[in-house]
Each structure stands twice: as C-alpha cells, then as structure tokens.
Amino acid sequence: MTSADARPAATGWSDDLLACVHCGFCLPACPTYEVLLDENDSPRGRLALMRAHEEGRIGSEGAFQLHIGRCLGCRACETACPAGVPYGSLLERARERAPAPRRHRTGLLLRALTGRRAGAVLYALGRVVRATGVAGFLARRLPGRAGLGAGMLAATRPFAGLARATGLGAAITERGAEAPARVPERAFVLLEGCVMRGLFAHVHEAGRSSLRRRGWRERPAPGQACCGALHAHAGRLEEARAMARRNIAAFEQAADATIVADAAGCGAALRDYPDWLRNDPTWCDRARALAGRVRDVSELLAEPATWGREPAAGDPGERSEPRPVAPGSRTEPPRRQRVAYDAPCHLLHAQGVRDAPLAALAAAGVDAAPLPSWERCCGGAGLYNLLEPRLAAEVAAPKLREIEAAGVDVVATGNPGCQMFLGAALVRAGRDVRVAHPAELVDAAERAGERAADVVAENGPEEGGRR
Ligand code: SF4
Ligand code: SF4
C-alpha cells in the first residue's frame, strides 16, 4: 500500500510543513541526529520526508517509515525552532500515514497498557511481582526486552519509605518557621491515567497529600479515560480523539477545578486536545477550554506548603490551623540525599514547564541539581524504548554516564516512561540510584518535616533535636 492509498484528510498539514525555513537551528537539539548523523534523522530531514510524502514523491514505506519511526517525539526541535514549526503535531499526523505492520505491533502494546480489562489484569500482576522484589533480580539476569521489562517494573516501586532514613526532611526542619497565612481553598481534579493508576498510584497519593497541604481540595471526575497520548504518538489519532472526547466530558463535571496531571506525557496530551480536535466543530472549543485548565502538579507544588497538617482521612471539609515547624529542630540523618533533576521532554518542550519541578523541590527543602543534559531526551519516549531498543540505549548512554559521574542517590523526573526507562537502566547496571517523581520527594520531605514538628510540639526543641 502506498501513501496515496492510505492518506487521510489532514487539514493544515501542508501549511504547517511550509513553515519550515530549513535553517537547521533544530539539528543540534535532536538526539537522533546526534547519534546517527543522518540528515534524514534530523527534524529538518524528517520534515522534508513528510513534504515529499505529501506531494506524492515518496510512499509511506521505506525511508518515510524508517526515519519517521526513529523519531523520539521529544519535541526538543520545537523549542529550538525560530519559525514555530509544530513538529509534534506533524509527527503524529505523519505516523497516522505509516503502513500497517508497525501499527499492528504498537496496537498490541497499547491494548495491553491502556485497555481497561487488559490493563487491570496486567497492572495487578505487575504490582504482585513488584512486591516480591523479584523484578530487580530478573532485570539483572534476563537479556534483551525481557530484562528491560523487568527493570521497568522494578523502577516503579514507591520511594516514600526511604525518606526518613535518608534525611529528606532535614532542610525543612532546619529552615524553621516560614508559615504563610492560611490560603483559600481551591479545587483540583486529578488525571488518573492508565499506567499512572496501575503502577504509580503512590505518585498520585503523594501529589494529593502535598496539594492538600497547600489548601487544594480534590473534586471527582468520574468517567475519565486514558489520555490518549500513546495512541497519538503511534499515529492512532482516531482512537486518541475518542479518548479526548471522553475526558473532556468527564472533566466538564468539575468545570471550575484545575486539572492536575502528574505524568508529563499525559499533561501534554490534554494540552494538545485542541490540535487533535481542530477539525471537529462540536468539540474543538470544549477542548480549548479544557486545555486552559491543565497544570502539571509541579506548577502547584512550587508554591510552599502552609505546614498545616493534612486533614484526617474521611474529614475532607476540615483543615487544621497551620503549624510552623519549630526553628532549630532537626533530624539527624546519616547524610543528605543527593538529588539530580532530569526534565521530561513532554513537560519541558511540549508544555513549556521549565523551572517548576526544581522550584517545587526547593520549596520542600530538597536541593536538586539539574543533570548537564537535563533538557535532552533520556531515550525512553513512551513505547519507543520497546520498539527501538538499540537507538534508545544509545540516546540514553551519555545521561547514564552523567548520573554516575554526579554520584547522586536519586534522579527526579516527572514522567512514568522516563522513570521506568532510566530506572531500568540503573537497576540493570547494578547502580544504587533511585528514579523518583518530584511529587514523591516533595511529599516525603514534607512528611519528614511534619514528623519532626510532632516531636518538637510534644517534647520541645531539645527532644526534637535528638530525634
Ligand atoms: S522530536 Fe526529538 S528526535 Fe524527533 S526530530 Fe525533533 S528533536 Fe529529533
Ligand atoms: S529550526 Fe524550524 S525552521 Fe529551522 S530547519 Fe528546524 S524545523 Fe525548520
């Protein structure tokens, strides 16, 4: 089948392609160009292939399929582009034209990861295996994709239990009383997602806890679905649009609430709904209204907590008075955690959220230093690392060397795909470095600060200091 046979109507495709002025500013930003040094594996080259395909000069197999398939979809080229070429949108539309074999392969993966029944079974099984601790063992012993999959599962384990032993609360208790006035209550709805709900429920809970400390109240949004990001990245745009419509209707039930995403890829998808539905007059305005309400959790956590205690479970309406942590009280950890930050591409490049995760960590007293390549893709890229494992590993290699050279204990990054891919690589290499979501670290630090405050309140600063 050729491109002409498979070509869907794509209004705006040609205009968007023509925006590229071939300046090449995007080339140094492109990880696949850096590894492969092939113009066809650069943003400019891929745009040229899209244009050739659009003009009927090439089909959707061969070079088109190869080089479009090798793109990480990291959208670093969009950040670098002075002409405003909407590369991410063009890539999704190009993948919609990709021939069937690749789409079948991704279709099976998507059904397993995002299907309601298949996902529920898969994730329940994953949680059982994760709890046994056998995933890390298998990751170090199994070759290829089997070892990678086991490592990715091992990398999803919760971080919170480590906080007390490793001193994350120290900076908070040292900083002392900084409690601002009580803030008015604000409402949020959480995008639950599929992988996040299945394997990262602890990240959801960490974000919820820290948001409650900042005066946010959760509202329900029943009926929400997978965001559709993985489907859109794979070019399955009709399926992605169906999910978008379902989520728009679900989130309209809490129309005055901020929509919080704690997975960068999911947040980016929600903000892309107006693009996905641009040709649908019934849904486009509703998609725009939804996109305007979306915030990454780090944007809300960058505001310091009031240090009031969280409401007790089952007592959602009441919030106790803010209680500052006593000045001078401190935990005595063996040493402070060394934390590095790596930006998810779909937070930094697709959503333009640059500083908020670092600000959120700093507000919680966690000193995190960006990795030298913090703005560059880790190679995970959703399903990419499973579909293009060798190239993904080559993209990841410099970042893994940086992590080793930095001698850190934790790498913070706010996207499940990045967390699983980097975490798996570290587990498989036998490195004692955890990859955690910034919200987990913020919550762990704030809980440690609260525990220290309890001791101080009950026994006085001296007893708190001996804790
Ligand atoms: S999305 Fe990333 S990998 Fe793809 S062309 Fe742009 S910079 Fe390169
Ligand atoms: S920076 Fe933008 S305009 Fe220049 S080559 Fe890259 S995509 Fe085209």
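Below you will find a few notes about this structure. All values reported here derive from a predicted model rather than from experimental measurement.

Remarks on the site of ligand 1
Taken together, Cys-30, Pro-31, Thr-32, Pro-43, Arg-46, Cys-71, Leu-72, Gly-73, Cys-74, Arg-75, Cys-77 and Tyr-87 make up the full set of residues near ligand 1. Put simply, ligand 1 lies in the second largest cavity. Residue classes in the shell around ligand 1 are distributed as eight nonpolar, two polar and two charged.

Some details on empty space enclosed by the protein
Within this structure, the stated rule accounts for eight cavities of 30 Å³ or more. Residue lining of the largest cavity: 16 residues in total, with Cys-20, Cys-26, Leu-47, Cys-81 and Val-85 positioned closest to the centre. Broken down by secondary-structure element, the contributors of at least two residues to the lining of the largest cavity are α4 (43–54) and α6 (76–80). In terms of residue class, the lining of the largest cavity is made up of twelve nonpolar, two polar and two charged. Forming the boundary of the second largest cavity are 14 residues, of which Cys-30, Pro-31, Cys-71, Cys-74 and Cys-77 lie nearest the centre. Taken together, the elements giving at least two residues each to the lining of the second largest cavity come down to α3 (31–36), α4 and α6. Of the residues in the lining of the second largest cavity, the class split is ten nonpolar, two polar and two charged.

Topic: the state of the cysteines
The full count for this structure, using the stated rule, is zero disulfides. For the unlinked cysteine Cys-227, the closest cysteine sulfur is that of Cys-266, found at 3.8 Å. Note on Cys-227: relative accessible area 4%, which makes it buried.

Quick notes on the sheet that holds strand β1 (residues 186–190)
Pairing is parallel across the open sheet formed by four strands, whose spatial order is β2-β1-β3-β4. Only two strands of the sheet have a single neighbouring strand rather than two, namely β2 (216–218) and β4 (294–296). Along the sheet, successive strands turn relative to each other by an average axial angle of 40 degrees, direction set aside. Bridging between strand β3 (residues 258–261) and β4 involves three bridges; their strand directions are parallel.

Here we look at the pairing of β1
When a strand is regular, its side chains alternate between the sheet's two faces. In terms of residue burial, β1 counts as a mostly covered element, since four of its five residues are buried. Note that β1 and β2 share three bridges and pair parallel. Across the sheet, the residue bridging to Arg-186 is Trp-216, located in β2. Pairing between β1 and β3: three bridges, direction parallel. Each residue of the ladder has a partner; that of Val-189, found in β3, is Ile-259.

Procedures and definitions
Residues numbered from 1 in each chain as written. Chains lettered and ligands numbered in written order. Predicted model: local features only at pLDDT ≥ 70, side-chain atom pairs only at ≥ 80, totals over all residues. Heavy atoms only, no water. Near = heavy atom within 4 Å. 1 Å grid on protein atoms, 1.4 Å probe; cavity = no way out; pocket = protein on both sides within 12 Å on 5 of 7 lines; lining within 4 Å. Sits in = over half its atoms within 2 Å of the grid points. Nonpolar A, V, L, I, M, F, W, Y, C, P; charged D, E, K, R; others polar. Points joined across faces, edges and corners; volume = space filled by probe spheres on them. Helix = DSSP H or I, 4+ residues; strand = E, 2+ residues; numbered from the N terminus. Disulfide = S-S within 2.5 Å. Buried < 20%, exposed > 50% of the residue type's maximum accessible area, 1.4 Å probe, protein only. Pairing = 2+ DSSP bridges. Axes fitted to C-alpha atoms, helices over the stretch in contact; angles between N-to-C directions.

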